[in-house]
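# Report on the structure
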Amino acid sequence: MNVDKIYMTSSENMTEIRDKSINLVVTSPPYNIDIQYGNKTYKGKIVESKGVKYNDKMSETDYREMLKRVFEECKRVIKDDGSIWINIKNRLIDGAIVTPFWIQDFFEDMYLKNVIIWNFDWGGSTNKRFAPRYEYIFWFVKDKNKYTFNLDDVKIPALNYRPDRYKSQLKNPTDVWRISMVSGNFDERTGHPAQYPEQLIERIILTGTNPGDIVLDPFMGSGTTAVVAKKLGRHYLGYEVVRDYCNMANERLQRLEEQG
Ligand SMILES: C[S@@+](CC[C@H](N)C(=O)[O-])C[C@H]1O[C@@H](n2cnc3c(N)ncnc32)[C@H](O)[C@@H]1O
């Protein structure tokens, strides 16, 4: 099986990937909130139209069925000790918050190990309600006892460390992660409208895989998962339906290779 490849086709059928061959899936699915994937937008308006290449405004039923097909494929391809990490958020639909807990219905045959709150300090502003400043990461494992969890590789400094009380100056990062969104002045910023930060994915890949393992992202976007996997000595596989984003991801990977 090939590795270190992004397929420009839908991940609803991952015919290129063998059963039980992947160590970890990490992804952020499309939100179905009419994001103009493939167009350049500013303040909600299209400023440069390259033609919408992906429809982010399906019926809610079609949307969930599409995700179900993709996640069935993810379950098929992960190893018995593999895991699936999904970054998803609340959506404001018709004036009301829709939480994403329905995603759990797709994983009744797996074990939910953590619901992580990813908290960040900037984003869209509003004076009609409190400004939303968190997203979720759902972490599912196939085997409730046998899975990779390299806690020592992701421990953080214990601010209240007292040598008389604690064995270590490092501690468990807990299930609330404060990691900045990718802002405009970050080196890693691309033109993708829904890019997640490398630092977020770094913690997940370090925790859930070992060097040489294979990480899959079925919604690859600008290639963040692939870039972090390579930086950490892992392999990647991915799917992305928009050609411009595949190109963006491959250019990021090329730059990384050139930097050595
Ligand atoms: C939320 S974005 C992922 C962004 C990515 N995490 C990053 O850091 O750039 C979701 C992506 O999924 C892609 N997509 C939507 N449906 C897809 C499908 N069926 N198969 C593969 N990719 C799809 C969209 O074009 C979009 O780029």
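Relevant structure appears above.
Now for a look at the structure at hand. (Residues numbered from 1 in each chain as written. Predicted model: local features only at pLDDT ≥ 70, side-chain atom pairs only at ≥ 80, totals over all residues. Heavy atoms only, no water.)

## Side note on the overall build of the protein
When helices and strands are counted, the protein shows four helices and 14 strands. Scaling as 2.2 N^0.38, a compact globule of 260 residues should have a C-alpha radius of gyration of about 18 Å, and the protein matches this with 19 Å. Each principal axis of the C-alpha distribution contributes one length, and for the protein these read about 60 × 50 × 45 Å. Per-residue burial over the protein gives 45% buried out of 260 residues. Approximately 13900 Å² of the protein is accessible, and the part contributed by carbon and sulfur atoms is 47%. Charge-centre separation for the protein: the mean point of 38 positive side chains lies 4 Å from the mean point of 36 negative side chains. (Helix = DSSP H or I, 4+ residues; strand = E, 2+ residues; numbered from the N terminus. Rg over C-alpha atoms; globule rule 2.2 N^0.38 Å. Buried < 20%, exposed > 50% of the residue type's maximum accessible area, 1.4 Å probe, protein only. Areas by Shrake-Rupley, 256 points an atom, 1.4 Å probe, with all protein chains shown as cover. Lys, Arg positive; Asp, Glu negative; His and termini not counted. Charge placed at Lys NZ, Arg CZ, Asp CG, Glu CD.)

## Things to note about the sheet that holds strand E2 (residues 22-27)
The strands making up a sheet associate through backbone hydrogen bonding, with each pair oriented either parallel or antiparallel. Sheet architecture is open: eight strands sit in the order E1-E14-E13-E2-E5-E9-E8-E12, paired in mixed fashion. A strand with exactly one partner marks an edge of an open sheet, and here the two such strands are strand E1 (5-7) and strand E12 (176-178). On average, each strand axis in the sheet is tilted by 20° relative to the strand beside it, whichever way the strands run. Pairing between E2 and strand E5 (residues 78-88): five bridges, direction parallel. The partner of Leu 24 across the bridge, within E5, is Ser 83. (Pairing = 2+ DSSP bridges. Axes fitted to C-alpha atoms, helices over the stretch in contact; angles between N-to-C directions.)

Everything listed here is a matter of geometry and, on its own, says nothing about what the molecule does.
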